[in-house]
Amino acid sequence: MEEKALEVYDVIRSIRDPEKPNTLEELDVVTEKCVEVQELGEDEYLIIIKFSPTVPHCSLATLIGLCLQVKLQRCLPFKHKLEIYISEGTHSTEEDINKQINDKERVAAAMENPNLREIVEQCVTEPDD
């Protein structure tokens with residue numbers, strides 16, 4: 001599973017922060033340790049990501065979660081279920097945000113919003129795309 005976890009980390013490490021010019025990796029929002037992969041069945045995996053916003057009241061934590069969702073759905077070459085959480089104790093409204101970023105309908109609705117979609121695209125697009 002270590003190899004799969006590194007593959008997942010490789011996809012998310014280059015996502016850019018919505019406010020800063022840095023990547024989530026550079027800001028320690030995501031690290032190799034924040035990715036866990038479990039086998040669900042033959043060639044199907046559960047991916048659990050626990051990210052840490054830069055500050056406990058980060059207003060963009062939901063947007064970062066959305067970026068993680070979008071990038072992984074687009075880029076992972078294997079069948080997977082995805083669970084994304086804020087690392088325990090790192091955000092003042094972590095429970096609410098965890099519900100939002102793991103609700104498929106809310107994620108789909110957010111991506112229908114042209115302004116949000118544009119921000120997500122800017123964050124998930126690789127610099128050389």
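Preceding block: the structure.
Residues numbered from 1 in each chain as written. Predicted model: local features only at pLDDT ≥ 70, side-chain atom pairs only at ≥ 80, totals over all residues. Heavy atoms only, no water.

Draft legend 1. Expanded view of the layout of surface pockets. Taken as a whole, the largest pocket encloses approximately 300 Å³ of empty space. As for the largest pocket, its lining consists of Gln-69, Val-70, Gln-73, Arg-74, His-80, Lys-81, Leu-82, Glu-83, Asn-102, Lys-104, Val-107 and Met-111. Elements with a contribution of two residues or more to the lining of the largest pocket: helix 2 (61–75), strand 3 (79–86) and helix 4 (104–112). (1 Å grid on protein atoms, 1.4 Å probe; cavity = no way out; pocket = protein on both sides within 12 Å on 5 of 7 lines; lining within 4 Å. Points joined across faces, edges and corners; volume = space filled by probe spheres on them. Helix = DSSP H or I, 4+ residues; strand = E, 2+ residues; numbered from the N terminus.)

Draft legend 2. Molecular detail of the packing of helix 1 (residues 2–12) against helix 2. Relative orientation of the contacting elements helix 1 and helix 2 amounts to 120°, with a least axis distance of 9 Å. Comparing their axes, helix 2 and helix 1 come out oblique. Seen along the crossing, helix 1 lies across helix 2 with a hand that is right-handed. Here Val-8, Val-11 and Ile-12 of helix 1 come into contact with helix 2, specifically with Leu-68, Lys-71, Leu-72 and Cys-75. Class assignment for the residues of the contact of helix 1 with helix 2 results in 6 nonpolar, no polar and 1 charged. (Axes fitted to C-alpha atoms, helices over the stretch in contact; angles between N-to-C directions. Parallel < 35°, antiparallel > 145°, perpendicular 65-115°, else oblique. Left-handed = near helix turned anticlockwise from the far one by under 90°. Contact = heavy atoms within 4.5 Å. Nonpolar A, V, L, I, M, F, W, Y, C, P; charged D, E, K, R; others polar.)

Draft legend 3. Structural view of the packing of aromatic side chains. By the definition in use, this model includes 1 aromatic pair. Look at Tyr-45 and Phe-78: their rings are 5.2 Å apart centre to centre, the planes differ by 75°, and that puts the pair in the edge-to-face class. Linking Tyr-45 in strand 2 (residues 44–51) with Phe-78 in the loop between helix 2 and strand 3, this pair joins segments that are 33 residues apart in sequence. The exposure class of Tyr-45 is buried, given its relative accessible area of 9%. On the basis of relative accessibility, which here comes to 11%, the residue Phe-78 falls in the buried class. (Phe/Tyr/Trp six-rings, centres within 6.5 Å; stacked < 30°, edge-to-face > 60°. Buried < 20%, exposed > 50% of the residue type's maximum accessible area, 1.4 Å probe, protein only.)

Draft legend 4. The pairing of strand 1 (residues 35–41), seen in detail. Alignment of strand 1 against strand 2, held across 6 bridges, turns out to be antiparallel. Residue pairing in the sheet places Gln-38 in a bridge with Leu-46 of strand 2. Counting the residues between successive antiparallel strands, the hairpin from strand 1 to strand 2 contains 2 residues, one of them, Asp-43, with a positive phi of roughly 60°. (Pairing = 2+ DSSP bridges.)

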